Amino acid sequence: MMAYCVMNGVVLIDSTSIPAPEERMAAYTANTWQPERTQAEINSNTSQGKRAENAFEAYASQFLNFEYVTYDRIRTDEYKKSAPFDGLLYRKAAGKEEILAGYVTRIQSEIAGNGYGHISSALRADMERDEIYTVEIKSTAVNEKKRTDSAGDLEKLLELINQDDYLAYPLYCRASEDIDTFEKYCNFVYNCRETFGCAWGKEFVNKLLKKEYDNMSMIQVRIYVDDKRFYIMGYTLKNDILRNHRIKKMVQPGKSELAVYYYQKIKDGHACNNLFSDRRLWK
């Protein structure tokens, strides 16, 4: 049985209760923002991320009326393509398994039909109508500064982490030397990718945000990890993270120096236990 407790809305999970993933999946992990990573670093980063996903799966399993299915359980690409999401969350009900099975077949078919690992916005929309939601989990190791500043005080550590952000990749650019605001991202999309058949201005921005919404995972979960625990800080929905459409570069020297993200403060999100009663999701 998974050992966990809740403190100030944060789910704390004993790290020894979460097993390490298969190593082979790291061989196909893309260097999207850190091109100089060694294979050992990729293995370590991938293992951390997959263990965080497993921690969320273990926590979600405590809610007996819900089911969380990791993408790795349904994938058929031998880990050779990027994952379009980390998992699917749905509420158990009569006939739901058959509905899910139909969507799994569609997901597998769409993934097989492209070279990267994308699924269509139409498929995402259909799943959302049936209350089967895509989940994206971002994990981060607790850094030395937070450990030092919290001085062993767990409540202080959680306060420091709460100043960090939920993160979601923009659709058209995940890494850039120049893009660090939403305005710059809009300029990049308009000049290099897509105009949506309209002039630069409010209409373009609205159409861009609609495109982002249609292709983003509904549920964004943030998890931190150290050698003792996984900290499931909470969740936000794509509605919330796109509402203020703020973009920044997540600069970490020697690591994610080029990464571009939509962001929202963790403290402005929701406690994870509220996910299973959020009326915006479960009618």
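The rules behind these values
- Residues numbered from 1 in each chain as written.
- Predicted model: local features only at pLDDT ≥ 70, side-chain atom pairs only at ≥ 80, totals over all residues.
- Heavy atoms only, no water.
- Pairing = 2+ DSSP bridges.
- Helix = DSSP H or I, 4+ residues; strand = E, 2+ residues; numbered from the N terminus.
- Axes fitted to C-alpha atoms, helices over the stretch in contact; angles between N-to-C directions.
- Contact = heavy atoms within 4.5 Å.
- 1 Å grid on protein atoms, 1.4 Å probe; cavity = no way out; pocket = protein on both sides within 12 Å on 5 of 7 lines; lining within 4 Å.
- Points joined across faces, edges and corners; volume = space filled by probe spheres on them.
- Nonpolar A, V, L, I, M, F, W, Y, C, P; charged D, E, K, R; others polar.
- Parallel < 35°, antiparallel > 145°, perpendicular 65-115°, else oblique.
- Left-handed = near helix turned anticlockwise from the far one by under 90°.
- Buried < 20%, exposed > 50% of the residue type's maximum accessible area, 1.4 Å probe, protein only.
- Lys, Arg positive; Asp, Glu negative; His and termini not counted.
- Salt bridge = Lys/Arg side-chain N within 4 Å of Asp/Glu carboxyl O.
- Polar contact = N/O pair within 3.5 Å; in protein donor to acceptor, adjacent residues only side chain to side chain.
- Phe/Tyr/Trp six-rings, centres within 6.5 Å; stacked < 30°, edge-to-face > 60°.
- Lys NZ or Arg CZ within 6 Å of the ring centre and 35° of its normal.
- Core = buried A, V, L, I, M, F, W, Y, C linked by side-chain atoms within 4.5 Å.

### Some words on the sheet that holds strand β8 (residues 229–237)
Point 1. Spatially, β1-β2-β8-β7-β5-β4-β3 is the arrangement adopted by the seven strands of the open sheet, whose pairing is mixed. Only two strands of the sheet have a single neighbouring strand rather than two, namely β1 (4–7) and β3 (66–70). Here the average twist between neighbouring strands, direction ignored, is 30°.
Point 2. Across seven bridges, the pairing between strand β5 (residues 132–141) and strand β7 (residues 219–225) is parallel. If you follow Val135 over to β7, its bridge partner there is Ile219.
Point 3. Those strands touched by helix α4 (residues 121–129) are β4 (87–91) and β5, and its axis lies near 105° from that of β5.

### Observations concerning the layout of surface pockets
Point 1. Counted as a void, the second largest pocket has a volume near 190 Å³.
Point 2. Every residue along the wall of the second largest pocket is listed here: Arg147, Ser150, Gly152, Asp153, Leu154, Leu157, Asp226, Asp227, Lys228, Arg229 and Tyr231.
Point 3. When residues of the lining of the second largest pocket are traced back to their parent elements, those giving at least two are α5 (144–150), α6 (154–161) and β8.
Point 4. Looking at the lining of the second largest pocket residue by residue, the classes come out as three nonpolar, two polar and six charged.

### Focus: the packing of helix α3 (residues 96–112) against α4
Point 1. Look at α3 against α4: their axes get within 11 Å of each other, and the N-to-C directions meet at 170°. Judged on the interaxial angle alone, α4 and α3 are roughly antiparallel. Judged by the sense of rotation from one axis to the other, the crossing of α3 with α4 is left-handed. Taking contact as the criterion, the partners of Tyr103, Arg106, Ile107 and Glu110 in α3 are, on α4, Ala122, Leu123, Asp126 and Met127.
Point 2. Across the contact of α3 with α4, the residue classes tally to five nonpolar, no polar and three charged.

### Quick word on the side chain of Asp86
Point 1. Considering the arrangement of structural elements, one finds Asp86 in the loop between α2 (71–74) and β4.
Point 2. Salt bridges are absent for the buried Asp86, whose nearest opposite-charge side chain, Lys50, sits at 5.0 Å.
Point 3. A distance of 2.6 Å separates a polar side-chain atom of Asp86 from the backbone nitrogen of Ile137.
Point 4. When sequence neighbours within four positions are dropped, the list of residues in contact with Asp86 reads Glu53, Tyr68, Thr70, Tyr71, Val135, Glu136 and Ile137.

### Details of the sheet that holds strand β6 (residues 165–168)
Point 1. Pairing within the open sheet is antiparallel, and its three strands lie in the order β6-β10-β9. Among the strands making up the open sheet, the edge pair consists of β6 and β9 (247–249). Geometrically, the sheet is characterised by an average inter-axis angle of 50° between neighbouring strands, direction not taken into account.
Point 2. Examined bridge by bridge, β9 and strand β10 (residues 260–265) share three bridges and lie antiparallel to one another. Its bridge partner lying in β10, Lys248 is registered against Tyr261.

### Points about the pairing of β4
Point 1. In terms of burial, β4 is a largely internal element, four of the five residues being buried.
Point 2. In this sheet, β4 lies alongside β3 in antiparallel orientation, the contact comprising five bridges. Across the sheet, the residue bridging to Tyr68 is Leu89, located in β4.
Point 3. Direction of pairing for β4 relative to β5: antiparallel, over a ladder of four bridges.

### Re the packing of aromatic side chains
Point 1. In this structure the tally under the stated criterion is 16 aromatic pairs.
Point 2. When the ring of Tyr71 is compared with that of Phe85, the centres are 5.2 Å apart and the planes differ by 75°; the resulting orientation is edge-to-face. Residue Tyr71 is located in helix α2, and its partner Phe85 is located in the loop between α2 and β4; the two are separated by 14 residues in the primary sequence.
Point 3. Overall, the relative accessible area of 3% leaves Tyr71 in the buried class.
Point 4. One cation-aromatic arrangement involves Lys238 over Tyr213; the distance from NZ or CZ to the ring centre is 4.1 Å.
Point 5. Lys248 extends its terminal NZ or CZ atom over the ring of Tyr263, reaching a point 4.8 Å from the ring centre.

### So, the nonpolar core
Point 1. The biggest cluster of nonpolar side chains holds 31 residues, and the ones touching the most others in it are Phe182, Tyr185, Phe204, Leu208, Tyr231, Met233 and Tyr262.
Point 2. Elements supplying a minimum of two residues to this core: β2 (10–14), α6, β6, α7 (182–193), α8 (202–215), β8, α9 (238–243) and β10.
Point 3. Apart from residues no more than four positions distant in its own chain, Leu208 is found in contact with Tyr172, Phe182, Tyr185, Cys186, Val189 and Phe196.
Point 4. Core analysis: the second largest hydrophobic core is formed by 29 residues, Ala52, Ala55, Tyr59 and Val225 among them.

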